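# Residue-level structure breakdown
Okay, here's what each chain looks like letter by letter:
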Amino acid sequence: MVTFADDALVNDQLRDYWGKAAIRDWAERDIIGEKLTIAVTKIVRHYGNFIVTADVDGNFDKRGLPDPLVLAFYFTPHNDVIIELIILRNRRDI
């Protein structure tokens, strides 16, 4: 949690989690609780931001999801902390 600013935003599955308390709850439920594994496949620095692409697996409902599930994590840093993290499943079939 030290990597996030006090008022950071995480958006995962089109839901906003504002601030460390909400981000901690999200991480405990959706990351730790689902036993997520994240295998980074690519990191791109785009100006001051970072885009991390990863294969994601875990104990969540995978019905209707591609295998492997590839997610993009869009990080916005500021003063050595993360102020925004947007997580998306970019579609390749359109």
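Now for a quick tour of the structure. None of these values were measured; they are calculated from a predicted model.

Conventions used here
Residues numbered from 1 in each chain as written. Predicted model: local features only at pLDDT ≥ 70, side-chain atom pairs only at ≥ 80, totals over all residues. Heavy atoms only, no water. Phe/Tyr/Trp six-rings, centres within 6.5 Å; stacked < 30°, edge-to-face > 60°. Lys NZ or Arg CZ within 6 Å of the ring centre and 35° of its normal. Pairing = 2+ DSSP bridges. Helix = DSSP H or I, 4+ residues; strand = E, 2+ residues; numbered from the N terminus. Axes fitted to C-alpha atoms, helices over the stretch in contact; angles between N-to-C directions. Contact = heavy atoms within 4.5 Å. Buried < 20%, exposed > 50% of the residue type's maximum accessible area, 1.4 Å probe, protein only. Expected span 1.5 Å × (residues − 1).

Moving on, we come to the packing of aromatic side chains. Under the definition given, this model contains one aromatic pair. Between Lys62 and the ring centre of Phe60, over which it is positioned, the NZ or CZ distance is 4.8 Å.

What follows concerns the sheet that holds strand β4 (residues 49–57). An order of β2-β1-β6-β5-β4-β3 is seen for the six strands of this open sheet, with the pairing classed as mixed. Pairing within the sheet leaves two strands with one partner each, and these edge strands are β2 (15–18) and β3 (37–46). Within this sheet the neighbouring strands show an average axis-to-axis angle of 15°, counted without direction. Sheet topology places strand β1 (residues 4–12) next to β2; four bridges connect them, and they run antiparallel. In the strand pairing of β2, Asn11 is matched with Asp16. Along the sheet, helix α1 (residues 19–32) contacts β1, β2 and β6 (81–88); its crossing angle with β1, the most-contacted strand, is approximately 45°.

Okay, the environment of Ala21 next. For Ala21, the location among the structural elements is in helix α1. Put simply, Ala21 and Asp7 are 14 residues apart on the chain and 9.5 Å apart in space, counted from C-alpha to C-alpha.

Take unusual backbone geometry next. Each neighbour pair has its own omega, and for Asp67 with Pro68 the value is 5°, a cis peptide bond. By secondary structure assignment, the location of Pro68 is in the loop between β4 and β5 (69–78). Of note, the phi angle at Gln13 is positive, near 55°, even though the residue is not glycine. Here Gln13 lies in the loop between β1 and β2. Of the residues examined, Gln13 reaches a relative accessible area of 55% and is grouped as exposed. Despite not being glycine, Tyr47 shows a phi value in the positive range, around 55°. Following the sequence through the fold, Tyr47 ends up in the loop between β3 and β4. On the basis of relative accessibility, which here comes to 72%, the residue Tyr47 falls in the exposed class.

We now examine α1. The first and last C-alpha atoms of α1 sit 18 Å apart over 14 residues, in line with the 20 Å expected at 1.5 Å per residue. All buried positions along α1 are accounted for by Gly19, Ile23, Trp26, Ala27 and Asp30. For α1, the secondary structure elements touched by its buried residues are β1, β2 and β6.

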